[in-house]
Amino acid sequence: MSELVDGLVPDPYAFDPTAPLRASGNLRRRQLVSRMLVLGAVAAAVIAVASLLLVTYGVASHGASALSFAFVFHNASGFAGGGIAAELVGTAAIVVVGALIAVPVGILIAIYLSEFAGPRSRLGQGVRVMLDLMQGLPTIIVGLFVFGLLVNHHHTSGFAGAVALSIVMLPLIARSSYEVLRLVPGGLRDAADALGVARWRSVLGVILPAALPGIVTGVILALARAAGETAPLLLCSDVFNAGQTTINVFGVGMPNIPILILESSEQASPQGLDRAWGAAFALLGLILLANIGARMLLARSRKRLGT
Amino acid sequence: MLQGLCVMAALLAAVALFGVVEQVVSGAEPAISRFGISFIWHTEWEPVFNRLGAGTALYGTAVCSLMALVIATPLGVAIGLYLSMLAPRRVARIVGPLVEMLAAVPSIVLGLWGLIVLAPYVQRHVEPFLHSLLGFLPIFGPPQTTGLSLFTAGLLVTFMVLPIISALSRDLFLTVPPELTDAAEALGATRWEVIRGVVLPTTISGVIAATVLGLGRALGEAIAVFFVVGDGAGIKASLFAPGMSVAARIANDFPGAITNIQVSALWYLALILLVIGFATSALARSVARRFDVGLVLGGVRG
């Protein structure tokens, strides 16, 4: 944790710990204050966990009745009925194509930052700032960008959505991979260097394999994040021909779960709302499961790396 | 060879980022030349009459973000303290990921939940309560009929900001050298005195930077806000009145925008959002620089 990125050395002893620690002389009061504030912190944690549970429960209780075998594996039928198979396939296709772009680029950037750019490298600093800015881009603006790039004067497509999602995923993947690569023990690099192995070989043969589980974790988290992104798809992969299963990402529009939820919830019919809840439940379930799985994988690899 | 490939990947990302800026600026140009700088404070948004201004949306974004920060900062810091110093390890290992998973809930799901579950609850219980308690303040005006309001939108954004601030401040507090806290405890300081005297002062700039990063997330949120903000016109004193935010305006109007000038005005809104976003990011960086928290803060996963 204490390895420095920007070359700034914090001096932990610069601050004078005696100054604010003047005791009031009243131990009972001090301990009471302390206990109250600890209780406050516990309450805050309870609020956060409770809000996750409230949202999950709300979605589950509304969506469970809609969710069924047919709902997941059949296509839409009629005005607002039927399943969400086409949208599930569409979301998967968009996310996978987006990942095909973002994963290699993101990992290469991470390798550059951890293996080739020194901590004081100007270019490395610039790349870090750039990743920060990319991560801070509102997703709706990413959507606008891809709209102007690929959709305007052409047509909406799954590919446009995938490009937008790849811009959302890229900084997440680069950042998390970089952090994992930095955790790889320096001894491994030194050993490879001592054997006279070329840099690119030691990166591909030694360092990447050691960091792989952590990188996979970061990629899964980024995919889970992208799967629920709606704002870019609203502009890039909006659909009029919902309910037709297709994996042609270059076709006109591609049905996907977030847009389905958005449009069904605006239909103002009980059926549409049921569909929206069912799809929301499926989406949330998949994302939370992916999160849990990724974290378990990370915990296992951490144990193996001994950090 | 591999190094060249890596540099090319970084360049590709840079090109994408510059592409975004270039697109937004060029898209906004017609609106900038037509409405000028006064676009920023004009509150009207009437595409039919080509009377367009960002005032209402900017006000809505400011209110939602501010509300989210005012609620989420103390809560998030308290959660960070709990997870890093107070909770037993086994509890922290379960609660920590749960808090982070709140950030994984997609905004579309949160928006749907906000529309169907939260808004009616706020309208029926929270708004009357706050109005009767603090009604003398104009911001807590009489409850409206739907619960779709800047207040509900602010609450929803709080849910999105809270896990970011919590996770970041937890990681920050874990970097405080144990010698410092141990020393304070050895001097007889209580838990709270250790936190107030040692932990918070050594990490304060990081906490501020974490808050600013949370702000960045709050500013750009489009879909969840779009669901519950109620699409109101003009600036009202009461938080319980419907409003609009910049990002939600883009999401709401862009797919159906017809006239070129309306489309361009939406790009102009995007430009304003982009400038604010870059400014907050630079602010977070400069604050973080004063203390070596760049590494921890870099790990933000929104």
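The rules we used
- Residues numbered from 1 in each chain as written.
- Chains lettered and ligands numbered in written order.
- Predicted model: local features only at pLDDT ≥ 70, side-chain atom pairs only at ≥ 80, totals over all residues.
- Heavy atoms only, no water.
- Helix = DSSP H or I, 4+ residues; strand = E, 2+ residues; numbered from the N terminus.
- Buried < 20%, exposed > 50% of the residue type's maximum accessible area, 1.4 Å probe, protein only.
- Areas by Shrake-Rupley, 256 points an atom, 1.4 Å probe, with all protein chains shown as cover.
- Contact = heavy atoms within 4.5 Å.
- Lys, Arg positive; Asp, Glu negative; His and termini not counted.
- Charge placed at Lys NZ, Arg CZ, Asp CG, Glu CD.
- Salt bridge = Lys/Arg side-chain N within 4 Å of Asp/Glu carboxyl O.
- Polar contact = N/O pair within 3.5 Å; in protein donor to acceptor, adjacent residues only side chain to side chain.
- Nonpolar A, V, L, I, M, F, W, Y, C, P; charged D, E, K, R; others polar.
- pLDDT = per-residue confidence, 0-100.
- Expected span 1.5 Å × (residues − 1).
- Phe/Tyr/Trp six-rings, centres within 6.5 Å; stacked < 30°, edge-to-face > 60°.
- Lys NZ or Arg CZ within 6 Å of the ring centre and 35° of its normal.
- Arc of directions from axis to C-beta.
- Core = buried A, V, L, I, M, F, W, Y, C linked by side-chain atoms within 4.5 Å.
- Patch = residues over 30% accessible without salt bridge, like charges linked within 9 Å, V, L, I, M, F, W, Y side chains within 5 Å.
- Axes fitted to C-alpha atoms, helices over the stretch in contact; angles between N-to-C directions.
- Parallel < 35°, antiparallel > 145°, perpendicular 65-115°, else oblique.
- Left-handed = near helix turned anticlockwise from the far one by under 90°.

Within chain A one finds eleven helices and two strands. For chain A, the α and β elements follow one another from N to C terminus as α-α-β-β-α-α-α-α-α-α-α-α-α. Scored against the burial criterion, the 307 residues of chain A give a buried share of 51%. Total accessible area computed for chain A in this model is approximately 14,000 Å², and 66% of it derives from carbon and sulfur atoms.

Attention now moves to the overall build of chain B. If you tally the helices and strands in chain B, you get eleven helices and two strands. Each helix and strand of chain B, ordered N terminal to C terminal, gives the series α-β-β-α-α-α-α-α-α-α-α-α-α. With respect to the principal axes defined by its C-alpha atoms, chain B has extents near 70 × 65 × 30 Å. For chain B, with 302 residues in total, the buried portion stands at 59%. Summarising the internal contacts of chain B: among those between residues at least 6 apart in sequence, 76% fall at separations of at least 24. A total of about 12,000 Å² of accessible surface is found on chain B, and carbon and sulfur atoms cover 68% of it. Distance from the positive charge centre (16 side chains) to the negative charge centre (15 side chains) of chain B: 4 Å.

Attention shifts here to the interface of chain A and chain B. Listed per partner, the contact involves 84 residues of chain A and 82 residues of chain B. Between the two partners, chain A and chain B, sit three salt bridges. In this structure, the salt-bridge partner of Arg-30 of chain A is Glu-193 of chain B, at a minimum N-O distance of 2.6 Å. Applying the counting rule to chain A against chain B returns six residue pairs in polar contact (both at pLDDT 80 or more). In terms of residue count, helix α1 (residues 27–63) of chain A provides more of the side of chain A that touches chain B than any other element does, 20 residues in total. Of the residues in the side of chain A that touches chain B, the class split is 62 nonpolar, 13 polar and nine charged.

When pLDDT is averaged along chain A, the result is 82; 85% of the residues meet or exceed 70. Taken element by element, chain A is modelled with least confidence in strand β1 (residues 76–77) of chain A, mean pLDDT 65, and with most confidence in α1 of chain A, mean pLDDT 91.

Attention shifts here to helix α4 (residues 122–136) of chain A. If you check α4 of chain A, its first and last C-alpha atoms are 21 Å apart, about what 15 residues at 1.5 Å a residue would give, namely 21 Å. Regarding α4 of chain A, the residues found buried are Gly-124, Gln-125, Val-127, Arg-128, Met-130, Leu-131, Asp-132, Leu-133 and Met-134 of chain A. Looking at the buried positions of α4 of chain A, the neighbouring elements they touch are α3 (85–116) and α6 (158–183) of chain A together with α1 (2–35) and α10 (260–289) of chain B. In this structure Ser-121 of chain A caps α4 of chain A, since a side-chain oxygen of it lies 3.3 Å from the backbone nitrogen of Leu-123 of chain A.

Any pair of aromatic rings gets described here by the distance separating the centres and the angle formed by the planes. According to the stated counting rule, one finds eight aromatic pairs over all chains in the structure shown. With a centroid separation of 5.1 Å and an interplanar angle of 80°, the aromatic rings of Phe-151 of chain B and Phe-240 of chain B are classed as edge-to-face. On the criterion of sequence distance, the pair formed by Phe-151 of chain B in helix α5 (residues 150–174) and Phe-240 of chain B in the loop between α8 (223–228) and α9 (246–253) is long-range, its members being 89 residues apart. With a relative accessible area of 8%, Phe-151 of chain B lands in the buried category. Relative accessible area serves as the criterion here: at 1%, Phe-240 of chain B is assigned to the buried category. Three or more aromatic residues link up through ring pairs in this structure, and these residues are Phe-147 of chain A together with Phe-254 and Trp-267 of chain B. Cation over ring: Arg-182 of chain A sits above Tyr-178 of chain A, and NZ or CZ is 5.8 Å from the ring centre.

Moving on, we come to helix α6 (residues 178–186) of chain B. Residues separated by three or four positions in an α-helix point in the same direction, a consequence of the helix having 3.6 residues per turn. All names here are of chain B. Taken as a whole, α6 has its buried residues at Leu-180, Thr-181 and Ala-184. All buried residues of α6 lie within an arc of 90° about the axis, which places them on one face of the element. Next to the buried residues of α6 lie α7 (191–220). Just beyond α6, the residue with positive phi is Gly-188, at close to 95°.

This paragraph deals with the nonpolar core. Among the nonpolar cores identified, the biggest contains 191 residues, and Ile-109, Ile-140 and Ile-261 of chain A together with Phe-39 of chain B are the most heavily contacted of them. Here this core takes 16 residues from helix α2 (residues 55–86) of chain B, the largest share from any one element. Those residues in contact with Ile-109 of chain A that lie beyond four places of it in its chain are Val-127, Leu-131, Leu-170 and Ala-174 of chain A together with Ala-9, Ala-10 and Ala-13 of chain B.

Residue and element names in this part refer to chain B. Its location among the elements puts Ser-84 in helix α2. The buried category is assigned to Ser-84, whose relative accessible area is 16%. In this structure the side chain of Ser-84 is engaged in a polar contact, spanning 2.8 Å, whose partner is the backbone oxygen of Gly-80. Filtering out sequence-adjacent residues up to four positions away, Ser-84 remains in contact with Arg-170, Phe-173 and Leu-174.

Right, let's get into the pattern of salt bridges. Side-chain pairing between opposite charges can occur once the charged atoms of the two side chains come close. What the rule picks out here adds up to twelve salt bridges over all chains. Notably, a salt bridge pairs Arg-170 of chain B with Glu-100 of chain B, separated by 2.7 Å at the nearest N-O pair. Of the two residues, Arg-170 of chain B sits in helix α5 while Glu-100 of chain B sits in helix α3 (residues 89–102), which places them 70 residues apart along the sequence. Among the residues examined, Arg-170 of chain B registers a relative accessible area of 15% and is labelled buried. One connected set of salt bridges, linked through shared partners, spans Arg-295 of chain A together with Glu-100, Arg-170 and Asp-171 of chain B.

This next bit is on a nonpolar patch on the surface. Residue and element names in this part refer to chain A. Taken together, the side chains of Leu-32, Met-36 and Leu-37 present a nonpolar region at the surface, about 310 Å² in accessible area. With respect to the secondary-structure elements, Met-36 resides in helix α1. According to the relative accessible area criterion, Met-36 is exposed, its value standing at 55%.

This next bit is on the confidence of the model for chain B. Residues and elements named next belong to chain B. Mean pLDDT over chain B works out to 86, with 96% of the residues at or above the 70 mark. Segment residues 298–302 is flagged for pLDDT under 50; beyond a separation of four residues in sequence, or across chains, it makes 17 contacts in the model. Here the predicted complex scores 0.86 on pTM and 0.86 on ipTM.

Okay, the packing of helix α5 (residues 139–151) of chain A against α1 of chain B next. The geometry of α5 of chain A relative to α1 of chain B is characterised by a closest axis approach of 9 Å and an angle of 80° between their N-to-C directions. It follows from the interaxial angle that α5 of chain A and α1 of chain B lie roughly perpendicular. When α5 of chain A is examined against α1 of chain B, the residues Ile-141, Phe-145, Gly-148 and Leu-149 of chain A are found in contact with a partner set consisting of Ala-16, Gly-19, Val-20, Gln-23 and Val-24 of chain B. For the contact of α5 of chain A with α1 of chain B, the class distribution of residues is six nonpolar, three polar and no charged.

This brings us to the packing of α6 of chain B against α7 of chain B. All names here are of chain B. Their axes nearest at 9 Å, the elements α6 and α7 cross at an angle of 160°. Classified by the interaxial angle, the pair formed by α6 and α7 is roughly antiparallel. Here α6 and α7 pass one another in a crossing that is right-handed. Facing α6, whose interface residues are Leu-180, Thr-181, Ala-184 and Glu-185, α7 presents Val-194, Val-198, Val-199 and Thr-202. Per-class residue counts for the contact of α6 with α7 are five nonpolar, two polar and one charged.

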